[in-house]
Amino acid sequence: MLVLGIETSCDETAAALVTDGREICANIVLSQLDEHAPYGGIVPEIAARSHIEHLDGVIARAMKEAGAEFGDLDGVAATAGPGLIGAVMVGLMTGKAVAAVHDLPLAAVNHLEGHALSARLSDADLQFPYLLLLVSGGHCQFLAVEGVAQYRRLGTTIDDAAGEAFDKAAKLLGLGYPGGPAIERAAKDGDGARYDLPRPLKGRKGCDFSFSGLKTALLHKVRALENGLDDTARADLAAAFQQAVADVVIDRGKNAIREFLAAYPKGRALVAAGGVAANSLLRTRLKSLATENGLTLGVPPHALCTDNAAMIAWAGIERFGQGLVDDLDAVPRARWPLDSTAKPPPGAGKPGKLGPKA
Ligand code: KG4
Ligand code: ZN
């Protein structure tokens, strides 16, 4: 089975061809970073217009690289949300057009399901159920992945996502966008022990996250610098910030693993996916955490961690394998939780109520 995947939920225009034998025949990602850079963040209207301009060309490149014709396809999978609504519409409509013209089954894929199942694309041995840490620019959650289209959320962030926190911290430190890789680079030369930053929610029960207090604490440290933000302070603060995020994720992870294993004693793996899972310190710490708890750690390769269409094509393959096919009237969605039964975490949207422990 050969499936075309299309991803346009944010600022990457992406197309990929993947087989049910886990061969990634093409995986093209065109970043819009330069188009948004002058505005200091992603402009939804620019994202949508840029997807319109580039998506056909990106799909054509992917088809050429894979040496495939539309007639060779067995299905089309396109991200249908969550994301910037105008951006999602472009990819989903294009996917529908390809499906309609070539009479192919369509998978209208939840972007988060793409991340959640990406580890099964890179690891054929990864079995359900597994515990997923989904850490990206828009999400920070622990989910029990019971099977395709079956997810139970164990915890989520009550304010910022981890990637968002990295991006905001990088901006504060004058380190550019995207912030995660910039902080990781700067932190290499830094002494993380020089500045004391809080670990929000550390030691509390449950496995929800909070990062906004950490970002504010960083802002205060920057303002208090006597000699201004020189390269040494920048590196030390980047290292301190990265360590604080990792400490929080590991603390929350301990509780998540306990909850997961209590509900799914047969679970054997912890999987980290999403852009922040590319962070080396976090990977190392997660590896130790998994090992201490008798679990394996699965992290997809970097190109499958950050936004890409191969994971969308793969999610389509998994869904088709379960007989899940979407109609051509599938709707694009700005919001689309993987676990629609999950309640908002306590304190969500109430700033100050669950601040850092003293
Ligand atoms: O999954 P992704 O590509 O897009 C979303 O769906 O959000 O994640 C992007 C996020 C950005 O916030 C970026 O700063 C973060 O992932 N990121 C990292 C690293 N690489 C990307 N964060 C920390 N360390 C990294 N090496
Ligand atoms: Zn993503």
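Quantities reported herein were computed from a predicted structural model and do not represent experimental measurements. (Residues numbered from 1 in each chain as written. Chains lettered and ligands numbered in written order. Predicted model: local features only at pLDDT ≥ 70, side-chain atom pairs only at ≥ 80, totals over all residues. Heavy atoms only, no water.)

**Some words on unusual backbone geometry**
How we decide: Numbering goes from the N terminus for both helices and strands, where a helix is a DSSP run of H or I of at least four residues and a strand is a run of E of at least two. Only protein chains enter the accessibility calculation, which uses a 1.4 Å probe. A residue is then buried if its area is under 20% of the maximum for its type, exposed if over 50%, and partly exposed in between.
The residue after glycine 81, namely proline 82, is reached through a cis peptide bond having omega -15 degrees. Looking at where proline 82 falls in the secondary structure, it is placed in the loop between β4 (75-81) and α3 (85-102). Of note, the amide linkage connecting phenylalanine 128 to proline 129 takes the cis form, showing an omega dihedral of -10 degrees. In this fold, proline 129 is placed in the loop between α4 (111-122) and β6 (130-135). Of note in this structure, arginine 22 is not a glycine but carries a positive phi near 70 degrees. Counting through the fold element by element, arginine 22 comes out in the loop between β2 (12-19) and β3 (24-31). Residue classification places arginine 22 among the partly exposed residues on the basis of a relative accessible area of 26%. Positive phi outside glycine occurs at leucine 201, with the angle close to 70 degrees. Mapped onto the elements, leucine 201 comes out in the loop between α6 (179-187) and α7 (212-223).

**Structural notes on the coordination of the zinc ion (ligand 2)**
Working reference: metal with six octahedral donors, ideal angles 90 or 180 degrees; metal with four tetrahedral donors, ideal angle 109.5 degrees. Defined as follows: Each metal's donors comprise the N, O and S atoms found within 2.8 Å of it (within 3.2 Å for Na, K or Ca). Water is not part of the atom list, so some coordination spheres may appear incomplete. In this scheme the shape depends on donor count and angles: four donors with every angle between 85 and 135 degrees give tetrahedral, four or six donors with opposite pairs above 155 degrees and others between 65 and 115 give square planar or octahedral in turn, and any other case is irregular.
Bound to the zinc ion (ligand 2) are the protein donor atoms His111 (NE2), His115 (NE2) and Asp307 (OD), situated 2.0 to 2.2 Å from the metal. Note that the zinc ion (ligand 2) binds 4 donor atoms; their angles at the metal cover 92 to 150 degrees, and the shape is irregular. We note that the donor set of the zinc ion (ligand 2) lies within a single chain, spaced as H-x3-H-x191-D. With histidine 115 in helix α4 and aspartate 307 in the loop between α10 (302-305) and α11 (310-321), this pair connects stretches of sequence that are 192 residues apart. We note that histidine 115, like aspartate 307, is buried.

**Re the domain arrangement of the chain**
For clarity, the cut-off: The start and end points of each domain follow an automatic or database-based domain assignment. Every residue pair with non-hydrogen atoms within 4.5 Å of one another is taken to be in contact. Between Lys or Arg on one side and Asp or Glu on the other, a salt bridge is scored when a side-chain nitrogen of the former is within 4 Å of a carboxyl oxygen of the latter. Counted as a polar contact is a pair of N or O atoms within 3.5 Å, where, for protein atoms, one must be capable of donating a hydrogen and the other of accepting one, and residues adjacent in sequence contribute only when both atoms are in side chains.
Taken domain by domain, the chain holds domain 1 (2-117 + 304-321) and domain 2 (128-300). Using only C-alpha atoms to locate each centre, domain 1 and domain 2 end up separated by 27 Å. On the domain 2 side, the residues contacting the 15 residues of domain 1 number 19 residues. Summed over the shared surface of domain 1 and domain 2, the number is 0 salt bridges. On inspection of domain 1 and its partner domain 2, the count reaches 4 residue pairs in polar contact (both at pLDDT 80 or more). Counting residues per element, the ones that place at least two in the side of domain 1 that touches domain 2 are α4, α10 and α11.

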